[in-house]
Amino acid sequence: MATLTTGSLSIPNQILDPWLGKVKYGSAVATLSGATPMKFGTGQSMTFTIGEAEYVGEGANKGGSTFTPTTKTVKPFKFHKTVRWTEEVMWANEDHQLEVVEQILDQIQPALSRALDFGVFHGINPTGGAAVAAMTEKLSDTTNSIEIGASDKPYANLDAADALILADSFNPRDIALDPSFAAVFGGLRNATSEQKLYPDLSYATAPAGRLENHNSSVSDTVGAVGVAAVDTDVKAFVGDFSAIRWGIQRQLGLEVIQYGDPDGGGDLKRNNQVAFRSEVVYGWGIADLNAFAKIIDAA
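Residues numbered from 1 in each chain as written. Predicted model: local features only at pLDDT ≥ 70, side-chain atom pairs only at ≥ 80, totals over all residues. Heavy atoms only, no water.

With that out of the way, let us pick up helix α6 (residues 179-186). Within α6, the full set of buried residues consists of F181, A182, F185 and G186. Angularly, the buried residues of α6 cover 145° about the axis, an arc narrow enough to put them on a single face. Those residues of α6 hidden inside the fold are in contact with α5 (154-167), β6 (174-177), β7 (209-211), β8 (214-218), β9 (234-239) and β13 (292-296). (Buried < 20%, exposed > 50% of the residue type's maximum accessible area, 1.4 Å probe, protein only. Helix = DSSP H or I, 4+ residues; strand = E, 2+ residues; numbered from the N terminus. Arc of directions from axis to C-beta. Contact = heavy atoms within 4.5 Å.)

Below you can see the structure in the form of C-alpha cells.
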C-alpha cells in the first residue's frame, strides 16, 4: 500500500488524495473555478489581446495585427492548522491509528479550504481577520460595485452587477453569495402558485447551483462576517471566476509534533499532548478585476 510518510505517521494515499479533492467543497473559489497546476514560488500568468481579424481583398496586402500581452504575478501563500490531542492517541494499534488520522484530516480540511476564499476574496488572515499586506490582489478591490438599496429586489442588484461586467467585455457567468443574500433569493415565490422562483439555487458551497443563469456557490467566506477585523459589507461577488488563476503549490502533509510548544499552547510533554499540523501553500492571481463586481450592503 503506497503511503506518504509525514513525521511518525504514514498516511495512505486513499486518505490523502480524497482530502485534496475535498478542497472545493469548502471553498467557493474552488467550486466556481478550476485549479491550475503550479510549481512552488512566485510565477507569472499571461493573457493576450490580439484584436479582431482583418479582411483581405483580392490582390490586397495584409496589414499588421496588434498584440497586447498582460502579465499577472501569482504569489504563494502558506496556511496551516495545528490541533492538539492527548498523547494516548499515539498508543493505538495500527487500525485504530488510521481512524485517528481520518478524524484529524476531517477537522483540518474545512479550515484550509476556506482559507483560499478569505485570501482571494478579501486578502485577510483567517485567524484574527487582519489584512495581509502581501495579498495585493483580491476581489474586494474591484471598482465595479453595486450598493443594495432599501427597496431593491435582489435580482435587480444582480442585473446591475452583470451590466458593469458586460460593459467591460467580460462574461458574468458565476456568483458567490453570502448566505444572508442567498436566502433573499431563496425566499422569493410565485405570487399565484407559491412555487420557488429559484429552485436550482443551492445553499451549499459545492457542488455549484444555478441562479439567474449563473453558476452559484454559497459561503460565509463571501462576507467574512465574524472573521474579518473590519466589516466587508459584501453580499456577493459576480463575474467570470475563470479569471482567478489559483492552484496548490505544495500538497499538504500531516506532521506529528511531540516536543516543544509549536502553537503557543504550552509544552507538549508537560501537558501530555501531541500536536498534529497540516500545511498547504496556495498560489493565486486575478487576471483582471474588471471581470468581477461586488454587491455590498453598507446600510
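Topologically, V120 is positioned in helix α4 (residues 94-122). Here the alpha-carbon distance between V120 and M135, two residues 15 residues apart in the chain, equals 8.2 Å.

Here the bond from A206 into P207 is cis, since omega is 0°, no more than 30 degrees from zero. Here the phi dihedral of A224 falls at roughly 55°; this positive angle occurs in a residue that is not glycine. Tracing the chain through its elements places A224 in the loop between β8 and β9. Taking relative accessible area as the criterion, A224 reaches 2% and is therefore assigned buried. Even without glycine at this site, D233 takes up a positive phi of about 65°. Inspection of the secondary structure assignment puts D233 in the loop between β8 and β9.

Let's shift gears to the environment of S202. By the element assignment, S202 lies in the loop between α6 and β7. Looking at S202, the relative accessible area reads 24%, which means it is partly exposed. In the structure, S202 is positioned 16 residues away from V218 in sequence and 7.4 Å away in space, judged by C-alpha atoms. Other than its neighbours up to four places away in sequence, S202 contacts G209 and V218. Within the local environment of S202, its side chain forms a polar contact with the backbone nitrogen of A204, the two atoms lying 3.1 Å apart. (Polar contact = N/O pair within 3.5 Å; in protein donor to acceptor, adjacent residues only side chain to side chain.)

Scanning the entire structure with this criterion turns up 6 aromatic pairs. When the ring of W246 is compared with that of Y282, the centres are 6.4 Å apart and the planes differ by 65°; the resulting orientation is edge-to-face. With W246 in strand β10 (residues 244-250) and Y282 in strand β12 (residues 273-286), this pair connects stretches of sequence that are 36 residues apart. By relative accessible area, Y282 is classed as buried at 0%. One aromatic cluster in this structure is built from F79, W246 and Y282. (Phe/Tyr/Trp six-rings, centres within 6.5 Å; stacked < 30°, edge-to-face > 60°.)

The next thing to look at is the pattern of salt bridges. This model, assessed by the stated rule, comprises 5 salt bridges. Here D240 makes a salt bridge to R173, at a shortest N to O gap of 3.2 Å. Of this pair, D240 sits in the loop between β9 and β10 while R173 sits in the loop between α5 and β6; the two residues are 67 residues apart in sequence, bridging distant segments of the chain. By relative accessible area, D240 is classed as buried at 15%. Beyond isolated ion pairs, a larger network of salt bridges with shared partners links R173, D174 and D240. (Salt bridge = Lys/Arg side-chain N within 4 Å of Asp/Glu carboxyl O.)

Our focus in this paragraph is α5. Here α5 is 14 residues long and its end C-alpha atoms lie 20 Å apart, about the 20 Å a rise of 1.5 Å per residue gives. Taken residue by residue, α5 has P154, N157, L158, A161, D162 and I165 as its buried positions. Seen from one end, α5 has its buried residues packed into an arc of 140°, which puts them on one side. Exposed and facing more than 90 degrees away from the buried side of α5 are L166 and A167. (Expected span 1.5 Å × (residues − 1).)

That is the geometry; function is a separate question.
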